[in-house]
Amino acid sequence: MLDFFISPAHAQEAAAGGGIAQIVMLVGFVLIFYFLLWRPQAKRAKQHKQLVTNLDKGDEIVIGGGLVGRITKVSDEFLTIEISEGTEVNVQKNAVAAVLPKGTIKSI
């Protein structure tokens, strides 16, 4: 009905330009996802892997469940930690949340 105001050729050009805008938006969303979610998570995973590989006998650690103890034995997959005199617990290496400074257990 209003074809005499806008020629069909101009309408088709506008629709073609919309496809490029959608691609730019998609690329923008992917970049936002990468920098806000994926990259920080990969960084944390790398730091945790380094923490786990550097564990050694005598280190004082806290595990994910909140137990604090001193490492008495290190194997490939598991640690044995002493949580009190004569009480030892086996835990997976991946359960370690943090390495504590020396002397932390005595101050608790």
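Residues numbered from 1 in each chain as written. Predicted model: local features only at pLDDT ≥ 70, side-chain atom pairs only at ≥ 80, totals over all residues. Heavy atoms only, no water.

- An unreviewed UniProt entry lists the chain under the name Sec translocon accessory complex subunit YajC, with Vreelandella sedimenti given as the organism.
- Listed under Sequence similarities (unreviewed entry) in UniProt, the entry text for the chain is "Belongs to the YajC family."
- Taken from UniProt, the Subcellular location (unreviewed entry) comment for the chain reads in full: "Cell membrane". (UniProt positions renumbered as here; feature names shortened; annotations may be inferred.)

### Considerations on the side chain of Glu60
Stage number 1. Looking at the element boundaries, Glu60 is found in strand β1 (residues 60-63).
Stage number 2. Relative accessible area serves as the criterion here: at 3%, Glu60 is assigned to the buried category.
Stage number 3. A polar contact is formed between the side chain of Glu60 and the backbone nitrogen of Gly103, at a distance of 3.3 Å.
Stage number 4. Among the polar contacts listed, one links the side chain of Glu60 to the backbone nitrogen of Ile105, at a separation of 3.3 Å.
Stage number 5. If we skip the residues at most four places from it in the chain, Glu60 touches Gly69, Arg70, Ala98, Val99, Leu100, Pro101, Lys102, Gly103, Thr104 and Ile105. (Helix = DSSP H or I, 4+ residues; strand = E, 2+ residues; numbered from the N terminus. Buried < 20%, exposed > 50% of the residue type's maximum accessible area, 1.4 Å probe, protein only. Polar contact = N/O pair within 3.5 Å; in protein donor to acceptor, adjacent residues only side chain to side chain. Contact = heavy atoms within 4.5 Å.)

### Considerations on the pairing of strand β4 (residues 87-92)
Stage number 1. Note that strand β3 (residues 78-84) and β4 share six bridges and pair antiparallel. Bridged to Glu82 within β4 is Glu88.
Stage number 2. Counting the residues that bridge the hairpin from β3 to β4 gives two residues, and of these Gly86 lies at a positive phi of roughly 80°. (Pairing = 2+ DSSP bridges.)

### Focus on the pattern of salt bridges
Stage number 1. Scanning the entire structure with this criterion turns up two salt bridges.
Stage number 2. When the shortest N-O distance is used, the salt bridge between Lys102 and Asp59 registers 3.6 Å. Here Asp59 lies in the loop between α1 (8-53) and β1 and Lys102 lies in the loop between β5 (96-100) and α2 (104-107), a separation of 43 residues in the sequence.
Stage number 3. For the salt bridge of Glu60 with Arg70, the shortest nitrogen-to-oxygen distance reads 2.8 Å. Taken together, the residues span a long stretch of sequence, with Glu60 in strand β1 and Arg70 in strand β2 (residues 68-74) at a distance of ten residues. (Salt bridge = Lys/Arg side-chain N within 4 Å of Asp/Glu carboxyl O.)

### What to know about the UniProt feature "transmembrane region" (unreviewed entry) in the chain
Stage number 1. As annotated in UniProt, the feature "transmembrane region" (unreviewed entry) corresponds to residues 20-38 in the numbering used here.
Stage number 2. For the annotated span residues 20-38, helix accounts for 100% and strand for 0% of the residues, and the straight-line distance between the end C-alpha atoms is 26 Å.

### Notes on the side chain of Lys93
Stage number 1. Relative to the helices and strands, Lys93 is located in the loop between β4 and β5.
Stage number 2. As a buried residue without a salt bridge, Lys93 has its nearest oppositely charged side chain in Asp76, at a separation of 5.9 Å.
Stage number 3. Side-chain polar atoms of Lys93 contact the backbone oxygen of Ser75, separated by 3.2 Å.
Stage number 4. Discounting residues that sit within four places of it in the chain, Lys93 has contacts with Val52, Val74, Ser75, Asp76, Glu77, Phe78 and Leu79. (Lys, Arg positive; Asp, Glu negative; His and termini not counted.)

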